Amino acid sequence: MHLRQIEHPRAAVFLVSGRLDSTSTPELEKKVLLSLESGVRHLVMDFSELEYINSAGLRVLVMSYQRLNPRGGTVMICGVRDYIAEIFDISGYNRIFAMHADMAHAMQEIDATPDAQ
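Heads up: these notes are all about the structure in this document. Keep in mind it's a predicted model, so treat the numbers as computed, not measured.

## Considerations on the nonpolar core
Part 1: Ranked by internal contacts, the top residues of the largest apolar core, which has 26 residues, are F14, M45, F47 and L61.
Part 2: For this core, the secondary structure elements donating two or more residues are β2 (12–20), α1 (25–37), β3 (42–53), α2 (55–68), β4 (74–78) and α3 (82–91).
Part 3: For this core, the element with the highest residue contribution is α2, accounting for 6 residues.
Part 4: Excluding its chain neighbours within four sequence positions, the residues that come into contact with L61 are M45, F47, I53, V75, I77, F88 and F97.

The structure is reproduced here in structure tokens:
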């Protein structure tokens, strides 16, 4: 997995490429937790270059949702490939995460939120 964080005043934005599995998930979880502890209310995951995700990767997303939702925050997933989108559809996670075609659409939603951090 390759992970890159993009600075944004209202969200923690991560570009994730490669494989998100039990070997690589701890790095992502650590960075996500640091962002959530800093008070960010929106998490954006750009999966346009993600090739694989398993339950360990999904667990980090669910954990993020559980922490952000009570604070009025959101977890946004964007740019997923068809076969990864199918995982979100089958699991039902497409109903709890805001799914966007690309990063631009996710950022438009954040920028339209007046109380976003």
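Text resumes after the structure shown.
## Details of α3
Part 1: Every buried residue belonging to α3 is among I84, A85 and F88, and all of these are buried. Each buried residue of α3 sits inside an arc of 105 degrees when the element is viewed along its axis, so together they form one side. Along α3, the residues that are exposed and aim more than 90 degrees away from the buried face are D82 and I90.
Part 2: In the segment just after α3, G92 is the residue with positive phi, at about 85 degrees.

## Some details on the pairing of β2
Part 1: Most of β2 is tucked away: 7 of the 9 residues are buried.
Part 2: Two elements, strand β1 (residues 2–6) and β2, share 5 bridges in a ladder whose sense is antiparallel. Within the sheet, the bridge partner assigned to H2 lies in β2 and is S17.
Part 3: Where β1 folds back on β2, the antiparallel hairpin that results is connected by 5 residues.
Part 4: Pairing between β2 and β3: 8 bridges, direction parallel. Bridging across to β3, A12 finds its partner in L43.
Part 5: For the handedness criterion, the β-α-β arrangement of β2, α1 and β3 is classed as right-handed.

## Concerning helix α4 (residues 103–111)
Part 1: Three or more residues of α4 are buried, namely M103, A106, M107 and I110. The arc that holds every buried residue of α4, seen down its axis, measures 95 degrees, which confines them to one face.
Part 2: Those residues of α4 that are buried are in contact with β2, β3, β4 and β5 (98–100).
Part 3: Capping the start of α4 is the job of one residue whose side-chain oxygen sits 3.3 Å from the backbone nitrogen of A104: D102.

Conventions we followed
Residues numbered from 1 in each chain as written. Predicted model: local features only at pLDDT ≥ 70, side-chain atom pairs only at ≥ 80, totals over all residues. Heavy atoms only, no water. Core = buried A, V, L, I, M, F, W, Y, C linked by side-chain atoms within 4.5 Å. Buried < 20%, exposed > 50% of the residue type's maximum accessible area, 1.4 Å probe, protein only. Helix = DSSP H or I, 4+ residues; strand = E, 2+ residues; numbered from the N terminus. Contact = heavy atoms within 4.5 Å. Arc of directions from axis to C-beta. Pairing = 2+ DSSP bridges. Right-handed = clockwise from strand over helix to strand, strands pointing away. Polar contact = N/O pair within 3.5 Å; in protein donor to acceptor, adjacent residues only side chain to side chain.

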